[in-house]
Each structure stands twice: as structure tokens, then as C-alpha cells.
Amino acid sequence: MDTGRKFLLSNMGLACSWYLAAVATLTFALIFLVYLSFPQYMGTPRGTTYQVYRALPANIDDNTLGVTIGKGDARALIIDNYLKSRKSPLYGLGETFVATADRYGLDYRLLPAIAMQESNGGKILPHESYNPFGYGIYGGKVMRFDSFESAIERVAQGLKKDYIDQGLQTPEEIMPKYTPPSLQKGGAWAIGVSSFMEELM
């Protein structure tokens, strides 16, 4: 009986301890829940100042707000950013490329793409030729220009007259006449020009 009694007393002690711990935990949780449910007003410390800002300048009319939105052609910027990223000496001629392409009815990306294919954007070209397009260069013959601008003008004029007006619109259609040896190389020229045109979108 003594062992049975000891066992019963120890189990009752554990049960009471568990009950007291549960009641204490529950009470603490309820008090904490009540504490969290009421907003805490800290108040403003004495001597604290606030500065108020206005959304609009004081000199604007009370009922008038003006906004000016400009409209522009991003094509020149696209070309210049692309050429700048490639460290091309043609960088800065984006507006010339676009104006000339518009004047002759060319895709604005065609001339920069040809320049990238033919001379890595004007980095590799015959000495003092200003001819980044490989235009009129075959055998020992080199067509030279006074500047990149005059090269852009002349090549655009030639593309319009000898290619576009003849129904040759895409790099694939232009290639056999512009650079016939590229046909034997699987059309690498047209693939390259088309790829550069895609990058200029």
C-alpha cells in the first residue's frame, strides 16, 4: 500500500503542478492579449517641432496645374546608345542615320547594321576612307568619303536606287548584289545584318 500511495501522491502533485502552470500561462496570455488590443498612445514629447511641406510651390495659381509632355523620336537615341555600347566611332551620328533613312525610305536600322557587319561599326575600315559600309570596296578598289556623314548619305542614296527601288528590301534580298561572295559562305552577311537590326529594336 505504501508504494501505491506514493505513486498516487506523486501523480496528484504532477497534475496540480500542470494545472497551476496552465492557469498561470492562460492568465498571462489573456493579459498580454488585452494589452496588445488597445492602441498605445505615446504622445508627443515636449519641445518637438514638426516642419510641414507643401506639395506645390507657393507661387502657383490656386486652381491651375500645368504639365508639359514632349513628343520625340527615340530612333536616334536607340542608335547612339547601341553604337556607344559598342565603342563605335559612329557614335553621335544617330540623328544623321535616322534623317537620311527617312529621306530615302530606308529602315532606320539598315545602315547602322551594315556598318556593324562590314566594319565592326567603323572600327575596321580602309585607311582614311570613312567607309564603314564596305560600299564600293572590292579587289583593290576602295570608295572613299570625306566624312562618315557623306558616307551615310551616299550609301543610303545607293541603297535606295540600286536595291530598294529594285524590290530588294531585306538583308537576304540585298546580299546577293551587295556582297555576292557571302552567298558561298551560307549567307553570313545577311544573318549578321539581320541580327544587328534585331539588336537595334
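Structure's up top.
Residues numbered from 1 in each chain as written. Predicted model: local features only at pLDDT ≥ 70, side-chain atom pairs only at ≥ 80, totals over all residues. Heavy atoms only, no water.

Participant: Requested: an account of the overall build of the protein chain, with residues and values cited.
Facilitator: Counting secondary structure elements, the protein chain contains 8 helices and 0 strands. Within the protein chain, the proportion of its 201 residues that are buried is 29%. Expressed as a percentage of contacts within the protein chain between residues at least 6 apart in sequence, the contacts between residues at least 24 apart total 46%. Element-wise, carbon and sulfur atoms account for 59% of the exposed surface of the protein chain, whose accessible area totals about 14400 Å². (Helix = DSSP H or I, 4+ residues; strand = E, 2+ residues; numbered from the N terminus. Buried < 20%, exposed > 50% of the residue type's maximum accessible area, 1.4 Å probe, protein only. Contact = heavy atoms within 4.5 Å. Areas by Shrake-Rupley, 256 points an atom, 1.4 Å probe, with all protein chains shown as cover.)

Participant: Report on the nonpolar core, specifying residues and quantitative values.
Facilitator: One finds Phe 97, Leu 111, Phe 133, Leu 159 and Tyr 178 to be the most contacted residues of the largest nonpolar core, which totals 38 residues. Contributing elements (two or more residues each) for this core: α2 (75-85), α3 (94-104), α4 (110-119), α5 (148-162), α6 (171-178) and α8 (188-199). When near neighbours in sequence (up to four residues on either side) are disregarded, Leu 111 contacts Phe 97, Leu 106, Phe 133, Ile 152, Val 155, Ala 156 and Leu 159. (Core = buried A, V, L, I, M, F, W, Y, C linked by side-chain atoms within 4.5 Å.)

Participant: Give me the lowdown on the packing of α4 against α5, citing residues and values where you can.
Facilitator: Packing of α4 against α5 brings their axes to within 11 Å, and their N-to-C directions diverge by 110°. What the angle tells us is that α4 and α5 run roughly perpendicular. Residues Leu 110, Leu 111 and Ile 114 of α4 pack against Ile 152, Val 155, Ala 156 and Leu 159 of α5. (Axes fitted to C-alpha atoms, helices over the stretch in contact; angles between N-to-C directions. Parallel < 35°, antiparallel > 145°, perpendicular 65-115°, else oblique.)

Participant: Account for unusual backbone geometry, naming residues and giving values.
Facilitator: Positive phi values are uncommon outside glycine, yet Lys 87 reaches one of about 55°. With respect to the secondary-structure elements, Lys 87 resides in the loop between α2 and α3.

Participant: How would you explain the packing of aromatic side chains if you had to name every residue and give the values?
Facilitator: Given two aromatic rings, one states the distance between the centres and the angle between the planes to describe the pair. Using the criterion set out here, one finds 6 aromatic pairs in the structure. Here Phe 97 and Phe 133 contribute two aromatic rings whose centre-to-centre distance is 6.5 Å and whose plane-to-plane angle is 80°, an arrangement assigned as edge-to-face. With Phe 97 in helix α3 and Phe 133 in the loop between α4 and α5, this residue pair connects regions lying 36 residues apart in the sequence. On the basis of relative accessible area, Phe 97 is assigned to the buried category, the value being 1%. Above the plane of the ring of Tyr 163 lies Lys 177, whose end atom (NZ or CZ) is 5.2 Å from the centre. (Phe/Tyr/Trp six-rings, centres within 6.5 Å; stacked < 30°, edge-to-face > 60°. Lys NZ or Arg CZ within 6 Å of the ring centre and 35° of its normal.)

Participant: Please give an account of the layout of surface pockets that cites residues and values.
Facilitator: Computed from the structure, the largest pocket encloses a volume of approximately 220 Å³. Grouping the constituent residues of the lining of the largest pocket by class yields 6 nonpolar, 3 polar and 2 charged. (1 Å grid on protein atoms, 1.4 Å probe; cavity = no way out; pocket = protein on both sides within 12 Å on 5 of 7 lines; lining within 4 Å. Points joined across faces, edges and corners; volume = space filled by probe spheres on them. Nonpolar A, V, L, I, M, F, W, Y, C, P; charged D, E, K, R; others polar.)

Participant: Describe the side chain of Asn 131, naming the residues involved and giving the relevant values.
Facilitator: Summarising the element assignment, Asn 131 is placed in the loop between α4 and α5. If near-sequence neighbours (up to four positions away) are discounted, Asn 131 is found in contact with Leu 125, Pro 126, Ile 137, Met 143 and Phe 145.

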